[in-house]
Amino acid sequence: MKHANWIRLILSGFCLLAGCARPTETVPAPTTEPIESPAVETVAVTASVKGVNSWPDNDKTVTQYELTIQDDVTDIQNWKAVLSVPDGTELQQNWNTEIEKEDGTWILTPEDYNRAISAGEPLKDVGWIASCDTNETITLLSLELNGEEVSFQKEQKSTPAPAGAEPSPAAVEPIGSLHVANGKLCNEAGEPVQLRGVSTHGLAWFPEYVNRDAFLTLRDDWNANTIRLALYTAESGGYCTGGNQQELLDLIDKGVTYAEELGMYVIIDWHILSDKNPSMHQGEAVAFFTEVSKKYKDKTHVLYEICNEPQESPFLSVIKPYAEDIVQVIRRNDKDAVILVGTNTWCQDIDEVIGNELSDDNVMYTVHFYAGTHKDALRNKLRKALDANVPVYISECSIVEASGNGAADYESAEEWLKLINEYGLSYNAWSLCNKNETSALLKPSCDKLSGWSEADLSETGIWFRNAFRKS
Ligand code: IDC
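Computed from a predicted structure; not experimentally measured.

Student: I tried to follow helix α6 (residues 315-333) on my own but got confused; where do I start?
Tutor: Note: α-helices contain 3.6 residues per turn, so residues at a spacing of three or four share the same orientation. Under the 1.5 Å per step criterion, the end-to-end length of α6 is 25 Å for 19 residues, consistent within 8% with the ideal 27 Å. The set of residues buried in α6 consists of F315, V318, I319, K320, Y322, A323, I326, V327, V329, I330, R331 and N333. Where α6 is buried, its residues touch β15 (265-271), α5 (282-295), β16 (302-305), β17 (339-341), α7 (344-347) and β18 (363-370).

Student: Can you help me understand the pattern of salt bridges in this one?
Tutor: Summed over the entire model, instances satisfying the criterion amount to 21 salt bridges. Across the pair R469 and D221 runs a salt bridge, and its minimum N-O distance is 3.1 Å. Highlighted residues: R469 in helix α10 (residues 459-470) and D221 in the loop between α3 (212-220) and β14 (226-232), separated in sequence by 248 residues. Overall, R469 belongs to the partly exposed group, its relative accessible area being 42%. Notably, a salt bridge pairs K381 with D349, separated by 3.1 Å at the nearest N-O pair. Taken together, the residues K381 in helix α8 (residues 376-387) and D349 in the loop between α7 and β18 connect sequence positions 32 residues apart. For K381, a relative accessible area of 25% puts it in the partly exposed group. Residue classification places D349 among the buried positions, given a relative accessible area of 13%. Several salt bridges converge on common partners, so that one network encompasses D221, E454, R465 and R469.

Student: Help me out: how do you make sense of α3 in this one?
Tutor: Of all the residues in α3, the buried ones are R212, A214, F215, T217 and L218. Among the structural elements, β2 (60-71), β4 (90-95), β13 (196-202), β14, α4 (245-261) and β20 (427-432) are those in contact with the buried residues of α3. Capping of α3 at its N-terminal end is provided by N211; its side-chain oxygen lies 3.1 Å from the backbone amide nitrogen of D213.

Student: It is not clear to me how unusual backbone geometry should be interpreted in this structure. Could you clarify?
Tutor: Negative phi is the rule for most residues except glycine; trans is the rule for most peptide bonds. Omega for the bond connecting W430 with S431 falls within 30 degrees of zero, at -10 degrees, which places this linkage in the cis form. Position of S431 among the secondary structure elements: in strand β20. Even without a glycine there, the phi angle at E312 is positive, about 50 degrees. Within the secondary structure layout, E312 lies in the loop between β16 and α6.

Student: Help me understand the sheet that holds β20 in this model?
Tutor: In sheet architecture, strand pairing relies on hydrogen bonds along the backbone and comes in two forms, parallel and antiparallel. Strand order around the closed barrel formed by eight strands is β13-β14-β15-β16-β17-β18-β19-β20, with parallel pairing between neighbours. When strand polarity is set aside, the average angle formed by the axes of neighbouring strands in this sheet is 30 degrees. Where α4 meets the sheet, its contacts fall on β14, β15 and β16, and the angle it forms with β15 comes to roughly 155 degrees. Relative to the sheet, α5 contacts β14, β15 and β16, its axis offset from that of β15 by approximately 165 degrees.

Student: Can you help me understand the sheet that holds strand β3 (residues 79-84) in this one?
Tutor: In space, the five strands of this open sheet follow the order β5-β6-β3-β8-β9, with antiparallel pairing throughout. Edge positions in the sheet fall to β5 (97-102) and β9 (148-150), since each has one partner strand and no second. Each adjacent strand pair in this sheet contributes to an overall mean axis angle of 30 degrees, direction not counted. Bridge analysis of β5 against strand β6 (residues 105-110) gives six bridges, and the strand direction is antiparallel. Across the sheet, E98 pairs through a bridge with T109, a residue of β6.

Student: Whenever I open this one, the site of the ligand confuses me. Can you help?
Tutor: By nearness alone, 14 residues border the ligand, and Y232, H271, E309, K435 and E437 come closest of all. One of the side-chain nitrogen or oxygen atoms of H201 is found 2.8 Å away from an oxygen atom of the ligand. The separation between an oxygen atom of the ligand and a polar side-chain atom of E437 is 2.7 Å. Protein coverage of the free-state accessible area of the ligand, which is 510 Å², stands at 81%.

Student: Help me understand the pairing of β3 in this model?
Tutor: Successive residues of a regular strand alternate their side chains across the two faces of the sheet. Where β3 and strand β8 (residues 139-145) come together, six bridges link them in antiparallel fashion. Looking at the pairing, L83 lines up with L140 of β8. Where β3 meets β6, four bridges bridge the pair, whose relative direction is antiparallel. Note on β6: the bridge partner recorded for S84 is T105.

Student: Teacher, can you tell me more about the side chain of R228 here?
Tutor: On the secondary structure map, R228 appears in strand β14. Using a relative accessible area of 0% as the deciding quantity, one classes R228 as buried. At 2.9 Å, the side chain of R228 forms a polar contact with the side chain of N308.

Student: Where do I start with the environment of E148 in this structure?
Tutor: Relative to the helices and strands, E148 is located in strand β9. Overall, the relative accessible area of 37% leaves E148 in the partly exposed class. As for E148 and W79, which are separated by 69 residues in sequence, their C-alpha atoms are 9.0 Å apart.

The rules behind the values
- Residues numbered from 1 in each chain as written.
- Predicted model: local features only at pLDDT ≥ 70, side-chain atom pairs only at ≥ 80, totals over all residues.
- Heavy atoms only, no water.
- Helix = DSSP H or I, 4+ residues; strand = E, 2+ residues; numbered from the N terminus.
- Expected span 1.5 Å × (residues − 1).
- Buried < 20%, exposed > 50% of the residue type's maximum accessible area, 1.4 Å probe, protein only.
- Contact = heavy atoms within 4.5 Å.
- Salt bridge = Lys/Arg side-chain N within 4 Å of Asp/Glu carboxyl O.
- Polar contact = N/O pair within 3.5 Å; in protein donor to acceptor, adjacent residues only side chain to side chain.
- Pairing = 2+ DSSP bridges.
- Axes fitted to C-alpha atoms, helices over the stretch in contact; angles between N-to-C directions.
- Near = heavy atom within 4 Å.
- Areas by Shrake-Rupley, 256 points an atom, 1.4 Å probe, with all protein chains shown as cover.

Written out as structure tokens, the structure reads:
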């Protein structure tokens, strides 16, 4: 029995004793009681499963689906969707949901980060790709919100594109592998390539930006071809300081999958920062890179960045031995992925690498700049290293100050861009989030997780988007 009915029984008993109701009369349910009002539930909740794209694959039809849920009145603390699934349907991949299969139905439940949905807000970026040998489609059978089954209004179902139509971005061919030759990042054909894109903020703090539509917007609207996934090691919620390792690994996996589907490169960044010396968490780094290199050994679009920004760690005595160890760990599984190695003093001591490179062929060394702080001195050091054929990747940069805040320095930023393009350097902008700091690429007021218009971007976001679009 529902709670409300118990309350009613107790109340009616109380009234009986108090003589306020006729003994033979059952007390009618008050029509205004929200828990009992089906009208509120039916009108308030909209939910649907839509086929958003479809393409043929041999004799099967592959369809990409999306689940939307919105409750206009009540905050959702938890949700569960049951789908009716035609016989012979096979799940190929899914994002931002767990899927449990029971005969004829699939049960979708949230990840920790999209369990709660505020009233009036839609559930976003939950989807999957499934193949089926008939033209039947998957439909939404029932929906539970906050532990109770609810009625819902269906949105208009969009018809999947007919079989034989343009393939969706999910069908993009696997992306070509990269290697380093003559100090430059090159594609399979040996031609120099320039990667450009963004870095996430800390994955533990802004996990919501690891979504397929965000990557799609970056690819199609920003002209980006790379995403860097920043996994802090030591800050609060860091991978080695109490963060939920499994959740973080799952997020990385999502990022790697979306990038692959969209034909983009992805950098897995072991983001040391307050831990300064990479060997402080070397044991964890060995375990982490063993796991990810095993998982992604056949993924040609994955690059590994093994220490974000060492400090007080001379290249020869500290960084190089650490890098040799981790490179060896990765090479046991992944023979040729490009590996990025951070340099001392927040990636400014690139000159220390000249003549001291690791013996592995596919290693590059990172320089980071914040144009408001780092100017000619760092640009000159970088030029010197490049002229000595040191392979350099700018895996993090911004046009503001090194604090991640402060004013944009457009003059210095243009100098950096000139140098980047002169040498065809690859670069990733810090950072994809709406945090209230000027390096955030989105305005603090922007809560969209993808599909940003120019008005949603910060000054820094606008500058980088323009820079990428000019490439
Ligand atoms: C900053 C973030 C900030 C966060 C801080 C954590 O922008 O929101 O609170 O880290 O300590 C770097 C680092 C990068 C910094 C960034 C800006 O790689 O983690 O992010 N920065 O300070 N190097 C130079 C600047």
